[in-house]
Amino acid sequence: MADQPNIVFILTDQHRLSGVGAYGETPCQTPHIDRLAAEGVLFENAYTVYPVCSPARGTIQTGVYPHTHGVTSNIHEVGCSVHELEDRPSLLPRRLQAAGYGAGYTGKWHLGTGKDSTFQGSNRPATPSSIGYEGHDYIGHGGAGTGYDDYRAWVREKGYTPGVKPWSEKTTMIRNGVGVLDVPTDATVPAYLVDHCIEMVASFQARNLPFFISLNFWGPHGPYHATEEFVDMYRDVEIPPWPNYDWPSRDIPGPHHLKIHWNKEHLTWDDWAMAVRYYYARVSMIDSQIGRFYDSLKETGTLDNTVIIFTADHGETLGSHGGLLDKGWHHFEETHHVPMIIRFLDGSQAGTRLPEFASLADIYPTVLDLAGGEYDPQAIHGTSLLPLIRGEAENWRDTVVTEFLGLGNIATSMKMIREGNLKYGCNLTSQDELYDLEADPHEMNNVIDDPAYREDVSRLKDRLKEWMVETQDPALRMYRWREREAIG
């Protein structure tokens, strides 16, 4: 491998595992992501640090969990401690700059509004360019990215006005923002972002700089908008119900009630299946642009010196577990378990599938190890994946943790720790959860009170407490307080 390879980091938004063909049987077609898996390393058990956009993205830039970097909910919501990501030498782009890299960024940001704000003690405005990236500053959430002036000018130059055709399906639209785009694929936001990435590659090469380019798609996070060609791809495809679709979500107490679809009792699987078709269509549209970027790198000879990393910030429920929508407020695999693939420039490890636990927190040290950048391993929560890939890792983690501290201006404290096939969910303010993924892969039976798992529960509580100590989780005090109350 070259001493300083180029690195392309591709992040999709709210991308569930069923939306990647390489992860198993699915109607969803992702030939270009699947090609990355065939030519690289696929992590079978990768988990987000937090199943919400801003906190997960903060971890990619810092290498630490949200309870440490402070973006503890979506920015500018109650429950978020840091609303504008603070610039500092330890951020990923600053580390890359120090290593001699050009750092480029395009697409969804969601780590700052770029505006002064006193809301909840917000710090200085944060944009990609304010922390060391070149490229676009698309501040805030951005929806689907269609509202930014740069995109609208670009698409007008192509002779189009972006819009969405009226809903014409015979099923009920399960949420606002499901439909067919009235522009061709080469005039969509994903195509625009890839055009910009191709331009950034040329710019960095003209300056003889090794580059790190972060390509951040808006999607398949809603709105589930796709062009006609990709919607038609799924028009007659059967979408089978999720295995846990009939889970009695209303009858089982727990925080997941905040995410049960408001119209659940009046929706049929046909309604959900149509939404899944549009979701998959959006995935395939994005996948086509990943393929276009890959082909551009190959045609220019750049691919031979470029590592490509693909992952997602978190997943999506989309009707699973008895009609849940979106993400947050539960511990289920649909939102916590994410795709993660690394394609190396020399073709080494092609087709490898690793079962060990990986975390979104591992992206930061992995990128810096690839770049030859410096960082303090003791100051971050992730671990470079390179030793694991090379078979050189000693004592690799046997647990992985996902935290959730709130969403939609409601705060909480929930932690999930997985060890082997057991998943313990700590809810603090409601009954805890335990799922045996070997016996119950779709998480339909909470065995937290089953005497046969009593020792497992005790061990996992201790392991979670150890993790909280190691990562200096401020919730540790309340966790210990609750355990004392339970004992007393």
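In this report, we go over the structure that sits alongside the text. Residue indices begin from 1 for each chain and proceed along its sequence in written order. In view of the model being predicted, local features appear only for residues whose pLDDT reaches at least 70, and side-chain atom pairs are presented and counted only at 80 or more, with totals across whole chains, interfaces and linings using the full set of residues. Side-chain metrics in this entry use all non-hydrogen atoms of the structure; hydrogen atoms and water are not considered.

## A short note on the overall build of the protein chain
In this description a helix means any DSSP run of H or I spanning at least four residues, a strand means any run of E spanning at least two, and both kinds are numbered starting from the N terminus. In terms of regular secondary structure, the protein chain is built from 14 helices and 15 strands. Both definitions apply: the radius of gyration is a C-alpha atom measure, and the globule rule equals 2.2 Å times residues to the power 0.38. Relative to the globule expectation of 23 Å for 488 residues, the C-alpha radius of gyration of the protein chain, 22 Å, shows essentially globular dimensions. When its C-alpha atoms are laid out on the principal axes, the protein chain stretches across 70 × 55 × 50 Å. In the protein chain, which comprises 488 residues, the share counted as buried stands at 60%. The criterion used for residue contact is that any of the two residues' heavy atoms lie within 4.5 Å. For the protein chain, contacts bridging at least 24 residues in sequence account for 73% of all contacts bridging at least 6. Computed by Shrake-Rupley with a 1.4 Å probe, the accessible areas treat only the displayed protein chains as cover when residues are assessed. Just so you have it, the protein chain exposes about 18,900 Å², and 48% of that area is on carbon and sulfur atoms. Lys and Arg are tallied as positive, Asp and Glu as negative. Neither His nor the chain termini are counted. Charged side chains are reduced to one point each, which is NZ for Lys, CZ for Arg, CG for Asp and CD for Glu. Between the mean site of the 41 positive side-chain charges and the mean site of the 67 negative ones, the protein chain shows a separation of 4 Å. To sort residues, take the accessible area from a 1.4 Å probe on protein chains only and compare it with the maximum for the residue type: under 20% means buried, over 50% means exposed, and anything in between is partly exposed.

## Some thoughts on the packing of helix α5 (residues 149-157) against helix α6 (residues 189-206)
Across the interface, α5 lies against α6 with an axial gap of 11 Å and an inter-helix angle of 95°. Put simply, α5 runs roughly perpendicular to α6. In this structure, α5 uses D150, Y151 and W154 to contact α6, whose residues at the interface are V189, A191, Y192 and D195. Here the residues of the contact of α5 with α6 sort into five nonpolar, no polar and two charged. Axis definition: a line fitted to C-alpha atoms, over the contacting stretch in the case of helices. Angles run 0 to 180 degrees between N-to-C directions. Should an angle fall under 35 degrees it is called roughly parallel, over 145 degrees roughly antiparallel, and 65 to 115 degrees roughly perpendicular, with every other angle called oblique. Side-chain classes follow a simple rule in which Ala, Val, Leu, Ile, Met, Phe, Trp, Tyr, Cys and Pro form the nonpolar group, Asp, Glu, Lys and Arg form the charged group, and the remainder, Gly included, forms the polar group.

## A short note on the packing of aromatic side chains
Classification of ring pairs uses Phe, Tyr and Trp, with its six-membered ring standing for Trp, and accepts pairs whose centres are within 6.5 Å; under 30 degrees between planes counts as stacked, over 60 as edge-to-face, and the remaining range as tilted. Counted according to the given criterion, the structure contains 23 aromatic pairs. With 4.8 Å between their ring centres and 80° between their planes, Y65 and W467 make a pair best called edge-to-face. Of the two residues, Y65 is situated in the loop between α2 (53-62) and α3 (66-69) and W467 in helix α13 (residues 454-470); the sequence distance between them amounts to 402 residues. W467 shares its class with Y65; the two are buried. Judged by centre distance (6.3 Å) and plane angle (80°), the rings of Y364 and Y375 are edge-to-face. Residue Y364 is found in helix α11 (residues 363-371), and its partner Y375 is found in the loop between α11 and α12 (386-390); the two are separated by 11 residues along the sequence.

## A closer look at the sheet that holds strand β15 (residues 433-436)
The criterion for strand pairing is that DSSP finds at least two bridges linking the strands in question. Strand order across the open sheet formed by four strands is β12-β13-β14-β15, with antiparallel pairing between neighbours. In this open sheet, the two strands that pair with only one neighbour each are β12 (399-407) and β15. Between one strand axis and the next, the sheet turns by 15° as a mean value, whatever way the strands run. Where α13 meets the sheet, it contacts β12, β13 (410-419), β14 (422-426) and β15, and its direction lies at approximately 115° from that of β13.

## Thoughts on unusual backbone geometry
Between G219 and P220 the backbone carries a cis peptide bond, its omega angle lying at 10°. With an omega of 10°, the peptide bond running from G222 to P223 counts as cis. Within the secondary structure layout, P223 lies in the loop between β6 (211-220) and β7 (224-227).

## Some words on α13
In a regular helix each residue adds 1.5 Å, so 17 residues correspond to 24 Å; α13 covers 25 Å between its end C-alpha atoms and thus fits that length. Those residues of α13 not exposed but buried are D456, V457, L460, L464, W467 and M468. Here the buried residues of α13 occupy an arc of 110° about the axis, which is enough to place them on one side. Across from the buried face of α13, at angles greater than 90 degrees, the exposed residues are R454, E455 and E470. Downstream of α13 by a residue or two, Q472 has a phi angle that is positive, lying close to 55°. One fewer than the residue count of a helix, multiplied by 1.5 Å, yields its expected span. This arc is taken over the directions from the axis of the helix to the C-beta atoms.

## Points about the pairing of β13
Most of β13 is tucked away, with seven of its 10 residues classed as buried. Where β12 lies against β13, eight bridges are found, and the strand directions are antiparallel. By the bridge assignment, E403 is partnered in β13 with K415. Joining the antiparallel neighbours β12 and β13 is a turn of two residues, in which G408 adopts a positive phi near 65°. Direction of pairing for β13 relative to β14: antiparallel, over a ladder of five bridges. Across the sheet, residue E419 finds its bridge partner in β14, namely L422.

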